[in-house]
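# Remarks on the overall topology
Below, each chain spelled out in residue letters.
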Amino acid sequence: MTTTQANEATADQRYANVDAVLGERVRHRRKAQNKSLKEVAELANISISLLSQIERGISSPSVRVLASLANALNVGLGNLFDDSLNLISQERDKIVVRAGERKHLGFWRTGISKELLTPQIGESGLEIFMVVVEPGGNTGSQVYTHEGEEGGMVLEGAITIEVDGKVYQLSAGDSFRFSSNRPHGFRNVEKEPARVIWVNAHVSKAD
């Protein structure tokens, strides 16, 4: 095996481990809410087989799919970043997140990674992310919707956001805000990575 092949094999194993942990988090939250695979799949508008594959760690969800799953489970996306499988953080009054404590989630197949900048306390309705979109990175060919509202600002590079079929080009210093119920998606068509502060706000639905 060449060095390149060995590095690729190591990367593949690392990505597989990420998928396995993420799948475990999704499954834990689904079962904690006594919801069936069929119920969550229907709420997320995905197939039962895809949800099963995600939970078993053999399929890597896109940003669109994971956002839909978080919405179906009535949790913020940040709940799926948590290293713990507890639904409610033990640090109920946590205010500060140190740089080395950030929860990280990489959508390695789509060239997008997110770091959770806010403390994850229970089912908080406010989440702030540092989003890095690599050249060519995108949320997929399909736009998506979920509950809540979002906004942010491009710190470095440039991204393209599509909302309700209208395309917006944003460069460093540009900011945005829109209802998450509107069909949307984003991508980086430039040659340099883009860094974006991205805010998601949602209101938990009553059981």
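All of the points below concern the structure found in this document. (Residues numbered from 1 in each chain as written. Predicted model: local features only at pLDDT ≥ 70, side-chain atom pairs only at ≥ 80, totals over all residues. Heavy atoms only, no water.)

## Describing the sheet that holds strand 5 (residues 158–163)
Across a sheet, strands are paired by hydrogen bonds formed along the backbone, either parallel or antiparallel in direction. The strand order across the open sheet built from three strands is 6-5-8, with neighbouring strands paired in antiparallel fashion. Strands at the two margins of the open sheet, each flanked by one partner only, are strand 6 (166–171) and strand 8 (184–187). Across the sheet, the axes of successive neighbouring strands diverge by a mean angle of 20°, strand direction being ignored. (Pairing = 2+ DSSP bridges. Helix = DSSP H or I, 4+ residues; strand = E, 2+ residues; numbered from the N terminus. Axes fitted to C-alpha atoms, helices over the stretch in contact; angles between N-to-C directions.)

## Observations regarding the nonpolar core
Ranked by internal contacts, the top residues of the largest apolar core, which has 39 residues, are Leu66, Leu69, Val131, Ile159, Ile161, Phe186 and Trp198. Ranked by residues supplied to this core, first place goes to helix 4 (residues 63–72) with seven residues. Once you skip the residues sitting within four places of it in the chain, phenylalanine 186 turns out to touch Ile112, Val131, Val133, Asn138, Thr139, Tyr144, Thr160, Ile161 and Trp198. (Core = buried A, V, L, I, M, F, W, Y, C linked by side-chain atoms within 4.5 Å. Buried < 20%, exposed > 50% of the residue type's maximum accessible area, 1.4 Å probe, protein only. Contact = heavy atoms within 4.5 Å.)

## Things to note about the pattern of salt bridges
Counted under the stated rule, the structure contains seven salt bridges. The shortest N-O distance in the salt bridge between lysine 38 and glutamate 42 comes to 2.7 Å. Of the two residues, lysine 38 and glutamate 42 are both situated in helix 2 (residues 37–44); the distance of four residues between them amounts to about one turn of the helix. Arginine 195 is the salt-bridge partner of glutamate 156, the closest N and O atoms lying 3.7 Å from each other. Separated by 39 residues along the polypeptide, glutamate 156 in strand 4 (residues 149–156) and arginine 195 in strand 9 (residues 194–201) bring together distant segments of the chain. Given the relative accessible area of 31%, arginine 195 is considered partly exposed. (Salt bridge = Lys/Arg side-chain N within 4 Å of Asp/Glu carboxyl O.)

## With respect to the pairing of strand 7 (residues 175–179)
Only one face of strand 7 is buried, namely the one carrying Phe176 and Phe178, since none of Ser175, Arg177 and Ser179 on the opposite face is buried. As defined by bridge partners, strand 4 adjoins strand 7 across five bridges and the pair is classed as antiparallel. Within strand 7, the residue paired with glycine 152 across the bridge is phenylalanine 176.

## So, helix 4
The element helix 4 is extensively covered by neighbouring structure, given that eight of its ten residues are classed as buried. Within the sequence span of helix 4, burial applies to Val63, Val65, Leu66, Ala67, Ser68, Leu69, Ala70 and Ala72. Directly after helix 4, the chain includes asparagine 74, whose backbone phi takes a positive value near 55°.

## Considerations on the sheet that holds strand 2 (residues 112–116)
A sheet is described by the order of its strands in space; here six strands give the open sequence 1-2-3-9-4-7, paired in antiparallel fashion. The open sheet has two edge strands with one neighbour each: strand 1 (103–107) and strand 7. Taking the axes of each pair of neighbouring strands and ignoring which way they run, one obtains an average angle of 20° across the sheet. As defined by bridge partners, strand 4 adjoins strand 9 across seven bridges and the pair is classed as antiparallel. Residue methionine 153 lies in a different strand from strand 9, and its bridge partner there is isoleucine 197.

## Details of the packing of aromatic side chains
Evaluated as defined, the whole model comprises three aromatic pairs. For the pair phenylalanine 186 and tryptophan 198, a centre-to-centre distance of 4.6 Å together with 40° between the ring planes defines the contact as tilted. With a gap of twelve residues between them, phenylalanine 186 in strand 8 and tryptophan 198 in strand 9 connect regions that are remote in the sequence. Its relative accessible area of 3% is what places tryptophan 198 among the buried residues. Taken together, the aromatic side chains of Phe176, Phe178, Phe186 and Trp198 make up a single cluster linked through ring pairs. One cation-aromatic arrangement involves lysine 114 over phenylalanine 129; the distance from NZ or CZ to the ring centre is 5.2 Å. (Phe/Tyr/Trp six-rings, centres within 6.5 Å; stacked < 30°, edge-to-face > 60°. Lys NZ or Arg CZ within 6 Å of the ring centre and 35° of its normal.)

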